[in-house]
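Summary of structural features
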Amino acid sequence: MRAPTGTLGCFADLVAAVAAQGLPHRAVAPQVEVQVHRPPVVGAITLIWSAQVPTVQLLHVIAHPPANRPALLDAIARINHALPRPGFGLAPDGDALYFRLVLARRRGTDDLAAAAIGPALTAVIDAVAAFAPVLAEVARGARPADQAVRARPAQATGAAFDWIVE
Amino acid sequence: MRSFAELVDWLAAAGIEHRADATHALVELPSAALPDDGTVVLVWRARATVDVVHQFAWPVPDDASALLDAIARLNHALALPGVGIDHARRRAYVRVAIARVDGALEAAVLGTVLTEVIAMARDLGPRLRAVAEGELPAAAILDPIGA
């Protein structure tokens, strides 16, 4: 994957940066969905250019079994605390488990370095690959919440830019 | 800013009051806007991020379930989420991690994040503490900020 250069100043720039990488995607403003295949991370990562607040969000929704919500929240807190770039969350109704990474845009110019996008996608994929299976075990009651981080694979916080898109 | 030393130099040049701890690669910024005369701490991480953190002074209770519920609701609603718990130290905090792009921390991004972390700590801290102390239901954590 080529490292993009330049500055993203609007949603169209974000879509162009994704397209320039040759990533399969579908754009409907203000969101662009990037298709990822790196089991267990399979599906879309949605990038959202917010007009209201100076951010770009990356969101991946994780399928999970019906959960013991308190245990899942405990595990999520422990995992987020351990991650260099946290982002696991659970919707208040308990139906949606997700990883959401938010990039702040620059104060003043309201733009973002294009080079921030690739590592952010990698961070989402690495975190989900490492911990979605752990959270599924917690949700099933097969692992105590306080064992969520101890179960972390060695590569969980690795920075390798090695994700695969099909 | 490509190193912790450059971060400290930038803070000095910008006239921002700070106290640097080079041994731990962190710098404390006092802010009158924060509760409990608190500080924001910038931590220059080895793994290409800089953490912007405010740790709340009050303890996490033994039964943290209500606080965890409130934190999940907040992070779900916040444009820039970052409320968390350090179980080992029994402290709640706001932490936003900034990735260094091509090795560098951008001052303009740090400015955005500093503003947001201080606002979150100031606005959410008292309500999180009320949840932790059993004075506010977790489900009501978002009521006053209308999210």
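Residues numbered from 1 in each chain as written. Chains lettered and ligands numbered in written order. Predicted model: local features only at pLDDT ≥ 70, side-chain atom pairs only at ≥ 80, totals over all residues. Heavy atoms only, no water.

Considering the pattern of salt bridges
Note the following rule: The term salt bridge refers to a side-chain nitrogen of Lys or Arg lying within 4 Å of a carboxyl oxygen of Asp or Glu. Residue burial is assigned from relative accessible area. The probe radius is 1.4 Å, only protein chains are included, and a residue is buried under 20% of its type maximum, exposed over 50%, and partly exposed in between.
Taken as a whole and judged by the stated rule, the model has 16 salt bridges over all chains. A salt bridge links R105 of chain A to D110 of chain A; its shortest N-O distance comes to 3.1 Å. The exposure class assigned to R105 of chain A is buried, which follows from its relative accessible area of 1%. Where E28 of chain B meets R19 of chain B, a salt bridge forms, and the shortest distance between an N and an O atom there is 2.0 Å. On the basis of relative accessibility, which here comes to 49%, the residue R19 of chain B falls in the partly exposed class.

Some thoughts on the packing of helix 2 (residues 65-77) of chain B against helix 3 (residues 107-132) of chain B
Residues and elements named next belong to chain B. Basically, it comes down to this: Orientation is described by axes fitted as lines to C-alpha atoms, over the contacting stretch for helices, and by angles from 0 to 180 degrees between their N-to-C directions. Helix and strand assignments follow DSSP, with helices taken as H or I runs no shorter than four residues and strands as E runs no shorter than two, numbered in order from the N terminus. Note on convention: near helix rotated counterclockwise from far helix by under a right angle means a left-handed crossing. Clockwise means right-handed. For this analysis, residues touch if any pair of their heavy atoms sits within 4.5 Å. Gly falls in the polar group here, along with every residue not listed as nonpolar (Ala, Val, Leu, Ile, Met, Phe, Trp, Tyr, Cys, Pro) or charged (Asp, Glu, Lys, Arg).
For the pair helix 2 and helix 3, the least separation of the axes is 8 Å and the interaxial angle reads 150 degrees. Where helix 2 crosses over helix 3, the two elements pack in a sense that is right-handed. Judged by residue contacts, A66, L67, A70, I71 and L74 of helix 2 engage L124, L128, V131 and A132 from helix 3. Grouping the amino acids of the contact of helix 2 with helix 3 by side-chain chemistry returns nine nonpolar, no polar and no charged.

Describing the side chain of R100 of chain A
Applicable threshold: Any pair of N or O atoms that falls within 3.5 Å is considered a polar contact. Within protein, one atom must be able to donate a hydrogen and the other to accept it, and sequence-neighbouring residues count only if both atoms are side-chain atoms.
Checked against the element boundaries, R100 of chain A lands in strand 7 (residues 97-104). Only 2.8 Å separates the side chain of R100 of chain A from the backbone oxygen of L78 of chain B, close enough to count as a polar contact. Excluding residues that lie within four positions of it along the chain, R100 of chain A makes contacts with Q57, L58, L59, P86 and G87 of chain A together with N75, H76, L78, A79 and P81 of chain B.

Overview of the nonpolar core
The nonpolar side chains of a soluble globular protein tend to be buried with one another. So the rule is basically this: The criterion is simple. A nonpolar core is a set of buried Ala, Val, Leu, Ile, Met, Phe, Trp, Tyr and Cys residues joined through side-chain atoms within 4.5 Å.
Counting 108 residues, the largest nonpolar core has F88 of chain A together with L7, L42 and L128 of chain B as its most contacted members. Considering each element in turn, this core owes the most residues, 16 residues, to helix 3 (residues 117-140) of chain A. When neighbours within four sequence positions are excluded, L7 of chain B is seen to be in contact with M1, V27, L42, W44, L105 and L110 of chain B.

So, the sheet that holds strand 7 of chain A
All names here are of chain A. Applicable threshold: Strand pairing is assigned whenever DSSP detects at least two bridges linking the two strands.
If you trace the six strands from one edge of the open sheet to the other, you get 2-3-4-5-7-6, paired in antiparallel fashion. Since the sheet does not close on itself, it has two edges, and those belong to strand 2 (25-28) and strand 6 (88-90), each with one partner. The sheet shows a mean angle of 25 degrees between the axes of neighbouring strands, direction not considered. Relative to strand 3 (residues 31-38), strand 2 runs antiparallel, the two sharing four bridges. Across the sheet, residue R26 finds its bridge partner in strand 3, namely E33.

Observations concerning the environment of I125 of chain A
Along the chain, I125 of chain A turns up in helix 3. Here the alpha-carbon distance between I125 of chain A and D93 of chain A, two residues 32 residues apart in the chain, equals 24 Å.

Regarding the confidence of the model for chain B
All names here are of chain B. Where we set the bar: The quantity called pLDDT is the predictor's confidence in a given residue, expressed from 0 to 100.
Averaged over chain B, the pLDDT score is 92; the fraction of residues at 70 or greater is 95%. Taken element by element, the predicted model of chain B shows its lowest mean pLDDT in strand 2 (residues 26-30) (92) and its highest in helix 2 (96). Complex prediction metrics read pTM 0.90 and ipTM 0.93.

Quick look at the interface of chain B and chain A
Test applied: Accessible area, probed at 1.4 Å, shrinks when two parts are joined; the buried area is that loss added up over both.
The interface is formed by 29 residues belonging to chain B together with 29 residues belonging to chain A. Here chain B packs against chain A, burying approximately 2,400 Å² in sum over the two surfaces, 58% of which is carbon and sulfur. The largest per-residue losses of area from chain B upon contact with chain A belong to H76, H87 and R95 of chain B, which jointly make up 20% of the total buried on that side. Counting every contact that joins chain B to chain A gives two salt bridges. With a closest N to O distance of 3.0 Å, D69 of chain B and R69 of chain A form a salt bridge.

Structural notes on the sheet that holds strand 2 of chain B
Residues and elements named next belong to chain B. The strand order across the open sheet formed by six strands is 1-2-3-4-6-5, and the pairing between neighbours is antiparallel. Of all the strands in the sheet, the pair left with one neighbour each is strand 1 (19-21) and strand 5 (83-86). Strand-to-strand, the axes of this sheet are offset by a mean angle of 30 degrees, without reference to chain direction. Looking at chain direction, strand 5 and strand 6 (residues 91-99) are connected through four bridges and run antiparallel. Residue pairing for strand 6: D86 is matched across the bridge by R91. Relative to strand 4 (residues 49-59), helix 3 is tilted by about 20 degrees, and along the sheet it contacts strand 2, strand 3 (39-44), strand 4, strand 5 and strand 6.

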